[in-house]
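Residue-level listing of the chains:
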Amino acid sequence: MHGIKKSTHVSQKNALDAKAVKYRAICARILELKASHSLEREAFTLTEKALTINPDFITIWSYRKTLLLHFLEESETSRSTLLEQEFDFTESAIQRSPKVYIVWTYRRWLLSLGPDRWEKELELCRRFLRLDCRNFHCWNHWREIADRRLTLKQRWDFVTGHIESAFRNYSAWHHRSRVFTALMHAETSEQQEEDRRLLALEAKERLKRQNPPVDVSGSDIEILQRSEIELLKHAVNTDPLCQSPWMYLLYLLRVAPDKAREISECCSELLEDAEPDEIKWPTAIRSFLFHKMRATEAPPPVGPLEQLVECDPSRAGHYRDMIAAQAQ
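Residues numbered from 1 in each chain as written. Predicted model: local features only at pLDDT ≥ 70, side-chain atom pairs only at ≥ 80, totals over all residues. Heavy atoms only, no water.

S.K.: Mind laying out empty space enclosed by the protein, listing which residues take part and the relevant values?
M.R.: Counted under the stated rule, the structure contains 2 cavities of 30 Å³ or more. Its volume calculated, the largest cavity comes out at about 60 Å³. Contributions of two or more residues to the lining of the largest cavity are made by α11 (220-238), α12 (243-255) and α13 (260-272). Sort the elements by how many residues they give to the lining of the largest cavity and α11 lands first, with 4 residues. Looking at the lining of the largest cavity residue by residue, the class counts come to 7 nonpolar, no polar and 1 charged. (1 Å grid on protein atoms, 1.4 Å probe; cavity = no way out; pocket = protein on both sides within 12 Å on 5 of 7 lines; lining within 4 Å. Points joined across faces, edges and corners; volume = space filled by probe spheres on them. Helix = DSSP H or I, 4+ residues; strand = E, 2+ residues; numbered from the N terminus. Nonpolar A, V, L, I, M, F, W, Y, C, P; charged D, E, K, R; others polar.)

What follows is the structure in C-alpha cells.
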C-alpha cells in the first residue's frame, strides 16, 4: 500500500511489540524493587530506561526521587555532578515529551535542592518557547523562575515580545495579567516602583507616536492602562476572531472599570465594519458592559445578539436570555 511493502509494516510491528515487552518487564522489575524499598543502583538505572521510553509514569519518577536523595547522601560522586546529570536527563525527557506534567514538576523539585542555575533555566524556557510559544507547561516553569529572579520590567518585556510575535498566545496574555496586577500594587518595593516608572515612560513615548496621538496625562498606572487599551485595539483589529486578547480585555475591565466606556466605543467601531463571523466578541463584550457595568447610555442593539444565536449556536440559550433581559 502506498509503495510500502507489507513486510516493512510487519517488521515495524514486531519491533514495537518487542519494545513493549521489554518496557513492561522493566516496569515490573522497578515496581518490585520499590515494594521491597530497594535503594540499589540497579533501580536507579532501570528508572532511567523506563522513563526514556515513557516519561509519563508518576510512580517511577517518585521512586527515582527517593533514590536520588539517597545517592546524594551516600554516593562518592559530588552532589553538583549528580544533580547536573539529573538536569540533563530531565531536559532530554522534555525534548521528547514537552507537555508531560510530571517531568516539569520533577525538574522544579530538582531546583529546590539548591543548585544555582536560574539563568540556565531561563535559557531553557526561552529555547522551548521558541519551539512552541504556547506550551503552558514551559510558561508555568518560566513563571516559577521569573518570580524569583526577574524584575517586573524584565517579565513585562518578555511577555510583550511573545504577544507581539503572536496575538494568539494565550499563555503570554495570561502572564501579562499577572505582571500588570503586580505593577498596580508596586508600592511595596522600591524596585517595583522603579519598574513601573520606567514602563510608564516607555508607554508614554509609544502613545505620543500614535496617529492620532493619545493623551499621556495622569499617573503611571493610568498611562499603562491607556497603553494596554491601545495594544488591545491593535490586537482585536488585526485578528477579531482571536479569543486571547478579548479574554485579557475582560481582565482589564475588572482592574480598570473606568475604561469601560472607551472599550465599549471600540467594540461599536469594530461592529460597523465586522464580517458576520467577526461580531461575536465585540457584541458579547458590549453586552457584558451594559448588563454588568452599565457602561453605555443605551442598551446595545438586539440585532447583533440575534446574529450571535446563529453564528455561535453552542451559547444560543445565553444570548436569548440577554435579549429577553434587554426587552424588560
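From this point on, the discussion continues.
S.K.: How would you summarise the packing of aromatic side chains if you had to cite specific residues and measurements?
M.R.: Under the definition given, this model contains 14 aromatic pairs. Between Trp156 and Phe180, the ring centres sit 6.0 Å apart and the planes meet at 35 degrees, which makes this aromatic pair tilted. Highlighted residues: Trp156 in helix α8 (residues 152-165) and Phe180 in helix α9 (residues 170-184), separated in sequence by 24 residues. Neither residue differs from the other here; Trp156 and Phe180 are each classed as buried. Through a chain of ring-to-ring contacts, three or more aromatic side chains come together here, namely Trp156, Trp173, Phe180, Tyr248 and Tyr251. A cation over an aromatic ring shows up here: Arg41 above the ring of Phe71, its NZ or CZ 4.2 Å from the ring centre. Above the face of the Trp156 ring, Arg176 is positioned so that its terminal group lies 3.9 Å from the ring centre. (Phe/Tyr/Trp six-rings, centres within 6.5 Å; stacked < 30°, edge-to-face > 60°. Buried < 20%, exposed > 50% of the residue type's maximum accessible area, 1.4 Å probe, protein only. Lys NZ or Arg CZ within 6 Å of the ring centre and 35° of its normal.)

S.K.: Report on the environment of Leu68, specifying residues and quantitative values.
M.R.: Assignment of secondary structure puts Leu68 in helix α3 (residues 58-74). Leu68 sits 29 residues away from Leu39 along the chain, and the two C-alpha atoms are 9.1 Å apart. When sequence neighbours within four positions are dropped, the list of residues in contact with Leu68 reads Phe44, Glu86, Tyr106, Trp109 and Leu110. (Contact = heavy atoms within 4.5 Å.)

S.K.: Tell me about the pattern of salt bridges, residues and numbers included.
M.R.: Taken as a whole, this structure holds 24 salt bridges when the rule is applied. A network of salt bridges, in which partner residues are shared, links Glu84, Arg107, Arg117 and Glu121. (Salt bridge = Lys/Arg side-chain N within 4 Å of Asp/Glu carboxyl O.)

S.K.: Would you mind going over the packing of helix α4 (residues 79-96) against helix α5 (residues 101-111) in detail, with residue names and values included?
M.R.: Closest axis-to-axis distance for the α4/α5 pair is 10 Å, and the angle between their directions is 160 degrees. In terms of axis orientation, α4 runs roughly antiparallel to α5. Where α4 crosses over α5, the two elements pack in a sense that is left-handed. Along its contact with α4, which presents Leu83, Glu86, Phe87, Thr90, Glu91, Ala93 and Ile94, the element α5 presents Val103, Trp104, Tyr106, Arg107, Leu110 and Leu111. Partitioned by chemical class, the residues of the contact of α4 with α5 number 9 nonpolar, 1 polar and 3 charged. (Axes fitted to C-alpha atoms, helices over the stretch in contact; angles between N-to-C directions. Parallel < 35°, antiparallel > 145°, perpendicular 65-115°, else oblique. Left-handed = near helix turned anticlockwise from the far one by under 90°.)

S.K.: Give a detailed account of unusual backbone geometry, specifying residues and quantitative values.
M.R.: With a phi close to 60 degrees, His37 is a non-glycine residue in the positive phi region. With respect to the secondary-structure elements, His37 resides in the loop between α1 (6-35) and α2 (41-53). On the accessibility criterion, His37 (68% relative accessible area) is exposed.

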